[in-house]
Number of protein chains: 2
Amino acid sequence: MVTPRTIPQYRRLYEVLRKHILDGVYGEGDLLPSENELCQLYGMTRPTVRQALSTLASDGLIRKHQGKGSIVHNLPRDIGILSVSGTTSAVGDRNLKTDIIKKPVLIPWPHNFMFPLSDLENESGCIYMERLRLLENIPIFYDISYIGNINLPRITARQFENRSLFQILRDHYRVEIKGGEQRIKAIPATSKISRFLKLKRNQPVLHLERKMETNVPGLFIYSSIFCNTEKYSIFGRF
Amino acid sequence: MVTPRTIPQYRRLYEVLRKHILDGVYGEGDLLPSENELCQLYGMTRPTVRQALSTLASDGLIRKHQGKGSIVHNLPRDIGILSVSGTTSAVGDRNLKTDIIKKPVLIPWPHNFMFPLSDLENESGCIYMERLRLLENIPIFYDISYIGNINLPRITARQFENRSLFQILRDHYRVEIKGGEQRIKAIPATSKISRFLKLKRNQPVLHLERKMETNVPGLFIYSSIFCNTEKYSIFGRF
DNA sequence: GCTTTTCACTTGTAAATACAAGTTAAATAA
DNA sequence: TTATTTAACTTGTATTTACAAGTGAAAAGC
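Residues numbered from 1 in each chain as written. Chains lettered and ligands numbered in written order. Predicted model: local features only at pLDDT ≥ 70, side-chain atom pairs only at ≥ 80, totals over all residues.

The next subject is the overall build of chain A. Counting secondary structure elements, chain A contains six helices and nine strands. Looking at chain A as a whole, 33% of its 238 residues are labelled buried. Taking all contacts inside chain A whose residues are at least 6 apart in sequence as the whole, residues at least 24 apart take part in 59%. (Helix = DSSP H or I, 4+ residues; strand = E, 2+ residues; numbered from the N terminus. Buried ≥ 20, exposed ≤ 12 C-beta atoms within 10 Å, placed from the backbone. Contact = placed C-beta atoms within 7 Å.)

Right, let's get into the domain arrangement of chain A. Partitioning chain A into domains gives domain 1 (9–72) and domain 2 (96–227). The C-alpha-based centres of domain 1 of chain A and domain 2 of chain A are spaced at 33 Å. (Domains from an automatic or database assignment.)

Taken together, 23 residues sit near DNA strand D, with Ser34 of chain A together with Pro8, Gln9, Pro47 and Gly67 of chain B positioned nearest. For the surface near DNA strand D, the elements supplying multiple residues, two or more each, are helix H2 (35–42) and strand E2 (69–72) of chain A together with helix H1 (9–23) and helix H3 (46–59) of chain B. (Near = placed C-beta within 6 Å.)

Attention shifts here to the relation of the copies chain A and chain B. Expressed as a screw transformation, the operator carrying chain A onto chain B has a rotation angle of 179° and an axial translation of 0.1 Å, and the superposed copies differ by an RMSD of 0.4 Å. The operation mapping one copy onto its partner corresponds to a two-fold rotation axis. Most of the interface of chain A is mirrored in chain B, where 100% of its interface residues are also at the interface. (Least-squares fit on C-alpha atoms with pLDDT ≥ 70 in both.)

For the rest of this paragraph, the subject is the sheet that holds strand E7 (residues 204–214) of chain A. Reading across the sheet, the seven strands line up as E3(A)-E4(A)-E5(A)-E8(A)-E7(A)-E6(A)-E9(B) and stay open at both edges, with antiparallel pairing between neighbours. The open sheet has two edge strands, strand E3 (96–107) of chain A together with strand E9 (234–237) of chain B, and neither has a second partner. The average angle at which neighbouring strand axes cross in this sheet is 15°, direction not considered. Pairing of E7 of chain A with strand E8 (residues 220–227) of chain A, which is carried by eight bridges, proceeds in the antiparallel orientation. When the sheet's bridge partners are listed, Arg210 of chain A is paired in E8 of chain A with Ser223 of chain A. (Pairing = 2+ DSSP bridges. Axes fitted to C-alpha atoms, helices over the stretch in contact; angles between N-to-C directions.)

Attention shifts here to the protein's contact with DNA strand C. Lining the immediate surroundings of DNA strand C are 22 residues, of which Pro8, Gln9 and Gly67 of chain A together with Ser34 and Glu35 of chain B lie closest. Put simply, the parts of the chain that give the surface near DNA strand C at least two residues each are helix H1 (9–23) and helix H3 (46–59) of chain A together with helix H2 (35–42) and strand E2 (69–72) of chain B. Considering only residue class, the surface near DNA strand C consists of five nonpolar, 11 polar and six charged. (Nonpolar A, V, L, I, M, F, W, Y, C, P; charged D, E, K, R; others polar.)

So, about the packing of H1 of chain B against H3 of chain B. Residue and element names in this part refer to chain B. Close contact between H1 and H3 brings their axes to 8 Å; oriented N to C, the two are set at 45°. Viewed along their axes, H1 and H3 adopt a mutual orientation that is oblique. Both H1 and H3 take part in a crossing whose hand is right-handed. On the side of H1, the interface is formed by Gln9, Tyr10, Leu13, Tyr14, Leu17 and Arg18, while H3 contributes Thr48, Val49, Gln51, Ala52, Thr55 and Leu56. (Parallel < 35°, antiparallel > 145°, perpendicular 65-115°, else oblique. Left-handed = near helix turned anticlockwise from the far one by under 90°.)

Moving on to H3 of chain A. All names here are of chain A. Over its 14 residues, H3 extends 20 Å from the first C-alpha to the last, a length consistent with the 20 Å expected when each residue adds 1.5 Å. Every buried residue belonging to H3 is among Thr48, Val49, Ala52, Leu53, Thr55 and Leu56, and all of these are buried. Looking straight down H3, one finds its buried side chains confined to an arc of 155°; they lie on one side. Away from the buried face of H3 by more than 90 degrees, exposed residues Arg46 and Pro47 are located. Taken from the residues just after H3, Gly60 is the one with a positive phi, measuring 85°. (Expected span 1.5 Å × (residues − 1). Arc of directions from axis to C-beta.)

With that settled, the discussion passes to the interface of chain A and chain B. Across the boundary between the two partners, chain A contributes 26 residues, which contact 27 residues of chain B. Among the elements of the structure, strand E6 (177–188), E7 and strand E9 (234–237) of chain A are those that each provide at least two residues to the side of chain A that touches chain B. A per-element tally of the side of chain A that touches chain B places E6 of chain A first, with 10 residues. Across the side of chain A that touches chain B, the residue classes break down as 12 nonpolar, nine polar and five charged. By the bridge criterion, four bridges tie E6 of chain A to E9 of chain B in an arrangement that is antiparallel. Bridged to Arg183 of chain A within E9 of chain B is Phe235 of chain B.

With that out of the way, let us pick up the sheet that holds strand E3 (residues 96–107) of chain B. Sheet strands associate in pairs through backbone hydrogen bonding, adopting either a parallel or an antiparallel arrangement. The sheet built from seven strands is open, its strands ordered E9(A)-E6(B)-E7(B)-E8(B)-E5(B)-E4(B)-E3(B) with antiparallel pairing. The two strands at the open ends of the sheet, each matched to only one other strand, are E9 of chain A together with E3 of chain B. Neighbouring strand axes in the sheet, compared pairwise and without regard to direction, differ in orientation by 15° on average. Bridge count for strand E5 (residues 138–148) of chain B against strand E8 (residues 220–227) of chain B is seven bridges, and the pairing is antiparallel. Counterpart to Tyr146 of chain B in the pairing with E8 of chain B is Tyr222 of chain B.

Another aspect to go through is unusual backbone geometry. Unusually for a residue other than glycine, Lys198 of chain A sits at a positive phi of about 55°. Given 10 C-beta atoms within 10 Å, Lys198 of chain A falls into the exposed group. Here the phi dihedral of Asn202 of chain B falls at roughly 70°; this positive angle occurs in a residue that is not glycine. In this structure, Asn202 of chain B sits in the loop between helix H6 (191–196) and strand E7 (204–214). The exposure class assigned to Asn202 of chain B is partly exposed, which follows from the 16 C-beta atoms found within 10 Å.

Have a look at this one:
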């Protein structure tokens, strides 16, 4: 399997600090312990600590200032699906409910798929599902997912209501998202989309087409997401 | 001054490799020289080389594979303003023309500005300008910029037609973009926007509100960008 | 001919060390 | 008291060294 037997030290420290920030142990504007202090606290050397901190910085959770230190930033209050970086999808899971529109089924890939496919992907078909994600009972995302049918036994039998797709992939199949690419457009709502997102016909909708890379070679996850941005914005860092 | 007297080695290597990739010296799918080879070629050590490569990887220009090497990815064919990361705005400068709608002027900040402002910013006002950016003579971006009026002498007198705003800030004021945050929405085109972007009224338009941080403390650059995504998509990596 | 093993090469992780450069506050001098 | 200098912090850059782990092709064995 592709499972790393041991999680790297810098990764562990990253997870710990990330949790502390999100849990509020370190609040907005606080200074993190200095790199040397972290070395002592967690028994690592500075390059290792710095590797963890630089990941936090690229997540936008901290800001580094030469001579001062690392300052907690933690501001994402809008919807943040743009950054699936790190470990979890960045949406605050609090009030996000997921409705399954179409349960996962194994089908051939659609013709003229939004991204080019490899031969292996084409041969093995894809697992298709549709979900609706609601924030405070308002439908926000209409999410169509395509998962390459590569080494994911019994995935169509799983329950996707409560846990997120990525959580299941991580816990049961050790699949992690490493990164990806996306295209963003503003389009008028089709009748289908307006029905799901409870919008008027032709109202502007954000359309995201995403290709996500995983730690499993050859396995990609694709999403076509339609997003009602009337009340909420998509938030991102760069 | 905030000027680094010497550009770090890893930065120089990053710029060189980036240029080579964008110029096609290394093509899509090619293997970059191995880290050890780059060490020899440029007279650096491996950590330094790796620092350059990891920046390229996060730009999405290469993909690293343990045991194999660094593979050139270079696929951004869509418009890539989402990632101002690195040195230049990521739009291919080839066919991108810029029209000045409103020349830069010093004004007070608008009421109810899209981002909260510091006291210092509020006191000193902002430099305001409007630009229209055309791709193959089709208006794509209607860009409203607000620059904190902090230590940028004579900026309102400069020519913004040819060089990009960020280029001028970098060359003349040594201001570099370090990162930022943004909100994205799909909105119906107002009459003003539809006029500039040559669209029908109420047609969906992508709206980006961005706050960019610089290497100058207290200096932020804000943009409100309206984007015609009928023909082109916004492209991004994560 | 075919499979298996080995080996050389790649990137990944980690330590120990050194100095440069920005920041802040205490100590010093006017 | 006020302004300046110093010193003790911080992160940034860079070298050197070592071993782990993934990849792929050549070599060895069947």
